[in-house]
Amino acid sequence: MVYAYIQDVPIGEELYQRIIDELGPEPLAGSLLHLCVRRPDGGLRYIDVWESEAHCARAFEERIHPAVDTAFAGARPGEPTVEHLDVVHATGTLIAAPNA
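What you are looking at is a predicted structure, and each value in this text was computed from that prediction instead of being measured.

Cut-offs and rules
Residues numbered from 1 in each chain as written. Predicted model: local features only at pLDDT ≥ 70, side-chain atom pairs only at ≥ 80, totals over all residues. Heavy atoms only, no water. Phe/Tyr/Trp six-rings, centres within 6.5 Å; stacked < 30°, edge-to-face > 60°. Buried < 20%, exposed > 50% of the residue type's maximum accessible area, 1.4 Å probe, protein only. Helix = DSSP H or I, 4+ residues; strand = E, 2+ residues; numbered from the N terminus. Axes fitted to C-alpha atoms, helices over the stretch in contact; angles between N-to-C directions. Parallel < 35°, antiparallel > 145°, perpendicular 65-115°, else oblique. Left-handed = near helix turned anticlockwise from the far one by under 90°. Contact = heavy atoms within 4.5 Å. Nonpolar A, V, L, I, M, F, W, Y, C, P; charged D, E, K, R; others polar. Polar contact = N/O pair within 3.5 Å; in protein donor to acceptor, adjacent residues only side chain to side chain. Patch = residues over 30% accessible without salt bridge, like charges linked within 9 Å, V, L, I, M, F, W, Y side chains within 5 Å. Areas by Shrake-Rupley, 256 points an atom, 1.4 Å probe, with all protein chains shown as cover. Salt bridge = Lys/Arg side-chain N within 4 Å of Asp/Glu carboxyl O. 1 Å grid on protein atoms, 1.4 Å probe; cavity = no way out; pocket = protein on both sides within 12 Å on 5 of 7 lines; lining within 4 Å. Points joined across faces, edges and corners; volume = space filled by probe spheres on them. Bend = angle between axes of the 7 residues up to and from the residue.

Caption draft 1: Focus on the packing of aromatic side chains. Considering all chains together, one arrives at 2 aromatic pairs under this definition. With 6.1 Å between their ring centres and 55° between their planes, Y3 and Y5 make a pair best called tilted. Comparing Y3 with Y5, the two get one shared label, buried. Between Y16 and Y46, the ring centres sit 5.7 Å apart and the planes meet at 45°, which makes this aromatic pair tilted. Placement of the pair is Y16 in helix α1 (residues 13-23) and Y46 in strand β3 (residues 44-50), with a sequence separation of 30 residues. For the pair Y16 and Y46, one class covers both residues: buried.

Printed below as a string of structure tokens:
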């Protein structure tokens, strides 16, 4: 089953774009969907869906945290709270059919 979460981050679009630029154009292995949406308070919310929790952890270790550290010039204010989603069912073109 897929691994999914929501994460509210207290940053604006400019800093978010610096992080994306640092990540580069190569897709993150195991990432099925990443949405970044604006919250009413001006911060951002990430909605992420991964093939597995292991894929997510590897991407954070190898690519995401280094990109965030560079974008924050090494002064990251800490980790935002992550709300893990208890996925009951997932379907769509990004998700392989069972036994595929």
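Caption draft 2: Representation of the packing of α1 against helix α2 (residues 53-71) within the structure. Packing of α1 against α2 brings their axes to within 8 Å, and their N-to-C directions diverge by 130°. In terms of orientation, α1 lies oblique with respect to α2. Crossing angle aside, the handedness with which α1 passes α2 is right-handed. Here α1 contributes L15, R18, I19, E22 and L23 to the contact with α2, which in turn contributes R63, I64, A67, V68, T70 and A71. Broken down by class, the residue content of the contact of α1 with α2 amounts to 7 nonpolar, 1 polar and 3 charged.

Caption draft 3: Main features of the side chain of R39. Here R39 is to be found in the loop between β2 (31-38) and β3. Classification of R39 as buried rests on a relative accessible area of 16%. Polar contacts involving the side chain of R39 include one to the main-chain carbonyl oxygen of V9, which spans 3.3 Å. Residues within four places of R39 in sequence aside, it is in contact with D8, V9, L44 and R45.

Caption draft 4: Molecular detail of a nonpolar patch on the surface. A surface patch of nonpolar side chains, about 300 Å² in accessible area, is lined by L33, L35, V37 and L94. Counting through the fold element by element, L94 comes out in the segment after β4 (82-85).

Caption draft 5: Representation of the layout of surface pockets in the model. Reported here for the largest pocket is a volume of approximately 550 Å³. Elements represented by at least two residues in the lining of the largest pocket include exactly β1 (3-9), α1, β2, β3 and α2. Top contributing element to the lining of the largest pocket by residue count: α2, with 5 residues.

Caption draft 6: View of α2. Of all the bends in α2, the greatest, near 50°, is centred on F60. C56, A59, F60, I64, A67, V68 and A71 are the residues of α2 that are buried. Buried residues along α2 sit against β1, α1 and β3.

Caption draft 7: Layout of the pattern of salt bridges. Summed over the entire model, instances satisfying the criterion amount to 3 salt bridges. Residues R39 and D41 are paired through a salt bridge, measuring 2.6 Å at the closest nitrogen-oxygen approach. For D41, a relative accessible area of 57% translates into the label exposed.

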